[in-house]
Every structure is written in structure tokens, then in C-alpha cells.
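# Examination of the molecular architecture
Below, each chain spelled out in residue letters.
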Amino acid sequence: GEDVEQSLFLSVREGDSSVINCTYTDSSSTYLYWYKQEPGAGLQLLTYIFSNMDMKQDQRLTVLLNKKDKHLSLRIADTQTGDSAIYFCAERDSGNTPLVFGKGTRLSVIA
Amino acid sequence: KAGVTQTPRYLIKTRGQQVTLSCSPISGHRSVSWYQQTPGQGLQFLFEYFSETQRNKGNFPGRFSGRQFSNSRSEMNVSTLELGDSALYLCASSKEGAVDTEAFFGQGTRLTVV
């Protein structure tokens, strides 16, 4: 079945760049997403990328997609303490299919 | 515009009881999905409703059920609660036909079964 894998923890210093990685198995994944979850809150969509794209940049966020290796990454430039949260990678085949999530990467930002 | 609203935010129930959770999607969104989030299993898909019909279903036992009303509001029900049902239940709404197919999540209902 479909599977999405992420490393569980990442710790960075404030001001550095963070890179969160994700791999997925479903070759028919059409949409790939990054969500952020802060303590006690639901999931907030950060950004998404279509499978026919290699890169997407949105302010401090850069998403890179290597479709051949089924590898997705999220780079956060100039990481701030407010970026401390759990980041989920997710994929879906189409707008009508469920999101499949990774288990999340807990990002800790050290001041 | 108002976001996805889930009620209640917190619930404590006893084993064997049943519970109903509610989700009001963003106005104009016709698709509502439910997810269970636990520390061990992460986020797992329960089911999705679109125009009052269940369109997708995850691998959960029949104790988990849901429905959607004509105003797109959705409820999920869990009968004969077990300790392992303790989790954060998240609801997401989507606008059918949207180019970006974004799913917007509510803050969740935290269910504790004792």
C-alpha cells in the first residue's frame, strides 16, 4: 500500500536553514503537501506541489521534488523559534482520494 | 471566512460508551474527511463524505461510522468505546473542483477513553 516516511526529529539553531525530508512509495501521487501542527492545534497547510513540478518557493519555504527517487523536501530559511512544530508530509493521487500522511517530523529550534 | 469548526474540543468517555463528534466545514466546501491521530500510528484516514455520500473509507472497524447532512456538516460516531480509541480526531474540508485541492483542517476533538 501507499507509505510516506519521514525522520522523526530535527533540531536546528535559530537563523539556520531547516531541511525536512520525506519519501513516498506511490508512483501515482499527484499532489504532495506539507502541513504544520503546533501544540494543541489542528493541521495548517503550508504549501503543496504538483508532481509535474520540481520546485516551488513561497517566501521562506522551498519545496523540492525528485519524482524519480520519490523524495520530497521542505527547506525553511532563517528558521525562527515560532517554526518549532511537527511537520507532516502528505500525498494524494487526486482531489478525490484521501491524504496519506507521514508520521511527522518534530522540529525544535534552539535560540 | 470561518474555518473548519469541530465540537466539542475535548471529551472524556468510559469504555463501552458511544460518542458523536461534529464537524462544520468551510462554507461552500462539500467534502469532509475524518482522521484519527495517535502518537503511535500518526494520522490515519477514517472516511470521507461528499454530498451526503461516503466516498472513501479507511481501515477502521464498523464501530466507527459517519454521516453528512445536506448542509455539508458531518458527524462521526464511535460505538462501544475502547481505550485504544483515545486520540485526536481531525476533520478536514475541501472544495470539490478546486484546482489546488487544498484540505483545511479543524482544531480537532481530543477524545479520552477511561
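Residues numbered from 1 in each chain as written. Chains lettered and ligands numbered in written order. Predicted model: local features only at pLDDT ≥ 70, side-chain atom pairs only at ≥ 80, totals over all residues. Heavy atoms only, no water.

## Here we look at the sheet that holds strand β1 (residues 4-6) of chain A
Residues and elements named next belong to chain A. Rules: Criterion used throughout: strands pair if DSSP finds at least two bridges between them. By the criteria applied, helices consist of DSSP H or I runs no shorter than four residues and strands consist of E runs no shorter than two, each listed in order from the N terminus. Between N-to-C directions, angles span 0 to 180 degrees; the directions come from axes that are lines fitted to C-alpha atoms, helices contributing only their stretch in contact.
On the basis of which strands lie adjacent, the open sheet formed by 5 strands has the order β1-β3-β8-β7-β6 and antiparallel pairing. This sheet does not close on itself; its edge strands, each paired only once, are β1 and β6 (55-58). The sheet shows a mean angle of 15° between the axes of neighbouring strands, taken without regard to direction. Looking at chain direction, β6 and strand β7 (residues 61-66) are connected through 4 bridges and run antiparallel. Note that in β7 the partner of Met55 across the bridge is Leu64.

## Overview of the state of the cysteines
This is how the line gets drawn: Sulfur atoms of two cysteines make up a disulfide when they are within 2.5 Å. Relative accessibility under 20% of the residue-type maximum defines a buried residue, over 50% an exposed one, and the middle range a partly exposed one, all with a 1.4 Å probe and only protein chains included.
Tallying each qualifying case throughout the model produces 2 disulfides over all chains. Two residues, Cys22 of chain A and Cys89 of chain A, share a disulfide whose sulfurs are 2.0 Å apart. Sign of the S-S torsion, about -65° for the bond between Cys22 of chain A and Cys89 of chain A, identifies this disulfide as left-handed. Note that Cys22 of chain A is positioned in strand β3 (residues 18-24) and Cys89 of chain A in strand β9 (residues 85-92), a separation of 67 residues in sequence. The exposure classification of Cys22 of chain A matches that of Cys89 of chain A, with both residues buried. Disulfide partner of Cys23 of chain B: Cys91 of chain B, at an S-S distance of 1.7 Å. Taking the torsion about the sulfur-sulfur bond, which here is approximately -45°, the covalent link between Cys23 of chain B and Cys91 of chain B counts as left-handed. Taken together, the residues span a long stretch of sequence, with Cys23 of chain B in strand β3 (residues 19-24) and Cys91 of chain B in strand β9 (residues 87-94) at a distance of 68 residues. Cys91 of chain B matches Cys23 of chain B in its accessibility class, with the two residues each being buried.

## A look at the environment of Glu52 of chain B
Residues and elements named next belong to chain B. Rules: We call two residues in contact whenever any of their non-hydrogen atoms come within 4.5 Å of each other.
Looking at the secondary structure, you find Glu52 in the loop between β5 (42-50) and β6 (53-57). Separated by 15 residues in sequence, Glu52 and Arg67 place their C-alpha atoms 6.8 Å apart. Among all residues touching Glu52, those that are not within four sequence positions of it are Gln68, Phe69 and Ser70.

## Quick look at the pattern of salt bridges
Residue and element names in this part refer to chain B. As a reminder, the rule being used: Whenever Lys or Arg places a side-chain nitrogen within 4 Å of a carboxyl oxygen from Asp or Glu, that contact is recorded as a salt bridge.
Counted by the stated rule, this structure contains 7 salt bridges over all chains. A salt bridge links Arg73 to Glu75, with the shortest nitrogen-to-oxygen separation between them at 3.3 Å. Judged by relative accessible area, Arg73 falls into the partly exposed class, the value being 24%. A residue is classified by how much of its surface remains accessible, and Glu75, at 16% relative accessible area, is buried. When salt bridges that share partners are traced, they join Arg63, Glu82 and Asp85 into one network.

## Focus: the packing of aromatic side chains
Put simply, the rule reads: Between the rings of Phe, Tyr and Trp (Trp by its six-membered ring), a pair exists once the centres lie within 6.5 Å; its type follows the angle of the planes, with under 30 degrees stacked, over 60 edge-to-face, and the other angles tilted.
Counting across every chain of the model gives 13 aromatic pairs over all chains. Between the aromatic rings of Phe101 of chain A and Tyr35 of chain B, the centroid separation amounts to 5.5 Å while the plane-to-plane angle is 90°, which identifies the pairing as edge-to-face. With Phe101 of chain A in strand β10 (residues 100-101) and Tyr35 of chain B in strand β4 (residues 31-38), the pair connects residues from two separate chains. For the pair formed by Phe101 of chain A and Tyr35 of chain B, the shared burial category is buried. When the ring of Phe60 of chain B is compared with that of Phe64 of chain B, the centres are 5.2 Å apart and the planes differ by 65°; the resulting orientation is edge-to-face.

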